[in-house]
Amino acid sequence: MSQRFVLSAYFLLISVALFAQQTNYNGVGRWRTHFPYKDVRQIQEAGDFIFVLPEKGFFTFHQPSGEINVYSKVNGFSDIDISIMRYIESLNLMVFVYATGNIDILDLKTNTITNLPDITRKNLFGNKVFYDLQYMSNKAYLSSSFGLLVIDLKKLEISDSYQNANLTPVYSSAIYKDYIYAGTSKGIVRTKATGGNPASGSSWENVKSGFESRLLRVFDDKLFAVNDSIYQKYDGNSSNTWENVKSNPKRNVVSLEICHNKLVETHWGGYLISKPGTNAVDSVRENRMLFGIIDMSNKIWTGGSGSGLINIKPSGDYGYLGINGPNGLTSNTIAGWNGEIWVSSGGPGFVYGPTFNGGGFYHFNENLWENRPDNPAELRAMFDFGAIAINQGNGDVWMGTHGTGIAHLQNGKFVERFDTNNSTLQKQANLYTLVPGIGLDSKGNLWAANYDVERCLSSRSVNGKWQSYKLSTRFVGEMVIDGLDQKWMATPRSNGSGLVVFKEASGNKPQQDRLLMKGKGSGDLPSNRVNALLIDKDNEIWIGTDEGLAVFFNPARAFDYEEDAQRIIVDQNGVVGYLLGSESINDMTIDGANRKWVATNNGAFLVEKDGTSVLQHFTIDNSPLPSNVIKSVGVNGVTGEVFFGTENGIVSYGGDATEAGDKHSNVKIYPNPVRQNYEGNITISGLPDYATVKITDVSGRIVYETLSNGGIATWNGRMFNGNRPQTGIYLIFSSNKNDEESLVSKMLFVH
């Protein structure tokens, strides 16, 4: 399958120093990625472009213009986990081999992507790991954990498979003096390239026994390889004698590339550069790089873990290229406030202990990511950031960690840390201060769930006074606070309940708490394993478990033991059952229209505000999601953009609902004008909440009518009969839900 692909610029390089870059919001229905790009795993030169493989996806640097582009499933590629990237100069093709075995072939002449899914579809290969790809004798040889594959890039098919030759794994291959050589875990073997039977194990002979052999390359009429971590060469002699390229033998060689008639060996201490016709080897020192090439102007392009893309000029001058993004792939909580997004990277591990994740947190503001700073040392010492609470009035951010207490930030800057030294928080078993849940009540008081300690709930008043409380359980986790200032907390690993609801003593009313669990009269939860809690705009408590959803519709009766949570029954495409069935719920959030975005192990669901229907279901098969396992979800209430934290990184989608008030505010229509070749949705933003929107021609004839989702309404550009309207000026009449305020806007529509 082929599709059109355009090398378009998303970023512009300003200088050769480390720089930040901006990815602009693309609008309703559009996706964008938010991956870390600081790690460099592979590099290829393709004409004026430098292709770079970070953790996920890839990016290109155009040397003449300085433009940098990032690419992923959003741009039409099949996946983001790329094992091998190889440029075939004679065909002007870039080949991407994904971890799944899927292969994309990018034709740089026609700007088209062709997919070769054969390996992915065949289960007979078993475990798939891919090590190397070399283009030789008009065929691409793919070395893998299950043998050697031969791919015909002109016919776009797998032409041969040497799985039955007992060559597993094959780390690399080369054709040298009419032999196919394969580097294996037991050394190097070879078979006749023509006239032989490579599919038969008996046709292969050993020419270098021992430990594993990798990175086979033919250069200057010699065969180079890394044998048992020793960089060696072989001239085809009958005694099969290999010669060390350098006298100091073992080194951690990470790449070996032929570039402009030079052979570039990269190891953790630098580079060895060989030229034809001489045994002399140039040496360049550089620490901890993972890949290296030399371009047409004799610059070294390299990179490693956390380094970004580096170039070293012949003069010795360095250039650094960095792409803005979060520090890591992991995310625990995503929270939005005033057009900003905060993401925590850590949280509890599988048995609810610390994971010692040092990624900190990521802050997305004005289309740029800022990561946790290295200073002060007090902040740097904190790990496993998880729960987030944001003061909706002043934007103060509170973050609970799973081991080091609570961090408080003002105006995006760290101001103080709270732990056992300056608060009522306690350490679990005198080891770690676990705070998996935090929240702010209507008075601005901070509440913290302090897992597995005797007084497991602490509060900090607005004047700084701390107080702790003993509950009927000590196992408290994620927290939400309802409109009555009642605290709802998951009870992880409690072996008896799913959540606890708590209300402190007030006046003549004593302290109350109630455990909710499975069973009628006990809470009637779908499961005692509660993973997510959400309070919506109607003050209803949505409870996400590992076996589906339930809702506590009336929190005012939280301590009435006859009041249980309810499961919503829906009719979805003729099938009657519980809303989302037994899906394992990982996280939930609401958008501006009070609809629920639900993160699961089976993708992301958008649920109608009352739960009566599923409006969207995104998976890896119908969207650019990098994984179906979605750990966290959050919404930018100003733009409507929805952020998904998956196990493979963060992506976002242009949702069609924003936060809104009772009046119009900076109403915008885009696109405007609507061109004749435009097929997407037309978006009207800045509307009042739940606004009535009518679109008419200049004579007053209504062509479309709808209600806004929060502050956004969309139109697919079709009239009631499904046809596109005629070219002309169209009027958009909008009014708030009480018809107390109205506005008329204009739009040019081209048929």
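Residues numbered from 1 in each chain as written. Predicted model: local features only at pLDDT ≥ 70, side-chain atom pairs only at ≥ 80, totals over all residues. Heavy atoms only, no water.

Novice: Hey, could you run me through the overall build of the protein chain in this one?
Specialist: Looking only at helices and strands, one finds two helices and 67 strands in the protein chain. Here the C-alpha radius of gyration of the protein chain, 30 Å, is about what a compact globule of 751 residues would show, namely 27 Å. Along the longest, intermediate and shortest principal axes, the C-alpha atoms of the protein chain span 95 × 75 × 55 Å. Residues counted as buried form 55% of the 751 residues belonging to the protein chain. Here the protein chain displays about 31,600 Å² of accessible surface, and carbon together with sulfur accounts for 45% of that area. (Helix = DSSP H or I, 4+ residues; strand = E, 2+ residues; numbered from the N terminus. Rg over C-alpha atoms; globule rule 2.2 N^0.38 Å. Buried < 20%, exposed > 50% of the residue type's maximum accessible area, 1.4 Å probe, protein only. Areas by Shrake-Rupley, 256 points an atom, 1.4 Å probe, with all protein chains shown as cover.)

Novice: Honestly, unusual backbone geometry in this entry has me stumped. Any pointers?
Specialist: Working note: non-glycine residues mostly have negative phi, and peptide bonds are mostly trans. Going from Tyr670 to Pro671, the amide bond is cis rather than trans, its omega being -5°. Secondary-structure assignment places Pro671 in the loop between strand S61 (668-670) and strand S62 (682-685). For the bond running from Asn672 to Pro673, omega is 10°, close enough to zero to count as cis. Relative to the elements of secondary structure, Pro673 occurs in the loop between S61 and S62. If you check the backbone angles, Asn111 has positive phi at about 55° while not being a glycine. Topologically, Asn111 is positioned in the loop between strand S10 (103-107) and strand S11 (112-116). For Phe356, which is not a glycine, the phi torsion comes out positive at approximately 60°. Note on placement: Phe356 falls in the loop between strand S33 (340-344) and strand S34 (361-365).

Novice: I tried to follow the side chain of Glu265 on my own but got confused; where do I start?
Specialist: Relative to the assigned elements, Glu265 resides in strand S25 (residues 262-267). Only 2.6 Å separates the side chain of Glu265 from the side chain of His267, close enough to count as a polar contact. Not counting residues within four places of it along the chain, the set of residues in contact with Glu265 comprises Tyr231, Arg251, Val253, Ser255, Leu256, Gly270, Tyr271 and Leu272. (Polar contact = N/O pair within 3.5 Å; in protein donor to acceptor, adjacent residues only side chain to side chain. Contact = heavy atoms within 4.5 Å.)

Novice: I would appreciate a short explanation of the pattern of salt bridges in the present structure.
Specialist: Side chains bearing opposite charge may pair, as long as their charged atoms lie close to each other. A complete count under the given rule lists 29 salt bridges for this structure. For Glu257, the salt bridge identified is with Arg86, shortest N-O distance 2.8 Å. Separated by 171 residues along the polypeptide, Glu257 in strand S24 (residues 253-259) and Arg86 in strand S8 (residues 82-88) bring together distant segments of the chain. Exposure remark for Glu257: the relative accessible area of 5% places this residue in the buried category. Since its relative accessible area comes to 12%, Arg86 is described here as buried. The partner of Lys470 in a salt bridge is Glu454, and the shortest N-O contact between them spans 3.5 Å. With Lys470 in the loop between strand S44 (466-469) and strand S45 (479-481) and Glu454 in the loop between strand S42 (446-449) and strand S43 (457-460), the pair connects residues that are 16 residues apart, well separated along the chain. Classification of Glu454 by relative accessible area gives partly exposed; the value is 46%. In the salt-bridge network here, residues are joined through shared partners; they are Arg86, Asp132, Arg217 and Glu257. (Salt bridge = Lys/Arg side-chain N within 4 Å of Asp/Glu carboxyl O.)

Novice: Help me out: how do you make sense of the packing of aromatic side chains in this one?
Specialist: Aromatic rings considered in pairs are described by the distance between their centres and by the relative angle of their planes. Summed over all chains, the structure comprises 47 aromatic pairs. Pairing Phe224 with Tyr231 gives two aromatic rings, centres 6.1 Å apart and planes at 40°, and the pair type is tilted. Under the relative-accessibility criterion, Tyr231 is labelled buried at 2%. Three or more aromatic residues link up through ring pairs in this structure, and these residues are Phe49, Phe51, Phe58, Tyr71, Phe77 and Phe96. In this structure, Arg214 is placed above the aromatic ring of Tyr171, and the distance from its NZ or CZ to the ring centre is 3.8 Å. (Phe/Tyr/Trp six-rings, centres within 6.5 Å; stacked < 30°, edge-to-face > 60°. Lys NZ or Arg CZ within 6 Å of the ring centre and 35° of its normal.)

Novice: Where do I start with the side chain of Asp39 in this structure?
Specialist: Summarising the element assignment, Asp39 is placed in the loop between strand S3 (31-34) and strand S4 (42-46). Among buried Asp, Glu, Lys and Arg side chains, Asp39 stands out as unpaired, with Lys38 the closest opposite charge at 5.6 Å. A polar side-chain atom of Asp39 sits 2.5 Å from the main-chain amide nitrogen of Gly306. Once residues lying within four places of it in the same chain are set aside, the contact partners of Asp39 are Leu53, Pro54, Glu55, Gly304, Ser305 and Gly306. (Lys, Arg positive; Asp, Glu negative; His and termini not counted.)

Novice: How should I be thinking about the environment of Met296 in this particular structure?
Specialist: Structurally, the position occupied by Met296 is in the loop between strand S28 (289-294) and strand S29 (300-304). Sequence-wise, Met296 and Asp48 are 248 residues apart; in three dimensions their C-alpha atoms are separated by 9.1 Å. If near-sequence neighbours (up to four positions away) are discounted, Met296 is found in contact with Glu45, Gly47 and His260.

Novice: Can you help me understand the sheet that holds strand S30 (residues 308-312) in this one?
Specialist: Think of a sheet as strands paired side by side through backbone hydrogen bonds, with each pair either parallel or antiparallel. Strand order in the open sheet formed by four strands is S28-S29-S30-S31, and the pairing between neighbours is antiparallel. The outermost strands of the open sheet, each flanked by one partner alone, are S28 and strand S31 (318-321). Across the sheet, the mean angle from the axis of one strand to that of its neighbour is 20°, orientation sign disregarded. Here four bridges tie S30 to S31, and the two strands are oriented antiparallel to one another. Paired with Ile310 across the bridge in S31 is Tyr320. (Pairing = 2+ DSSP bridges. Axes fitted to C-alpha atoms, helices over the stretch in contact; angles between N-to-C directions.)

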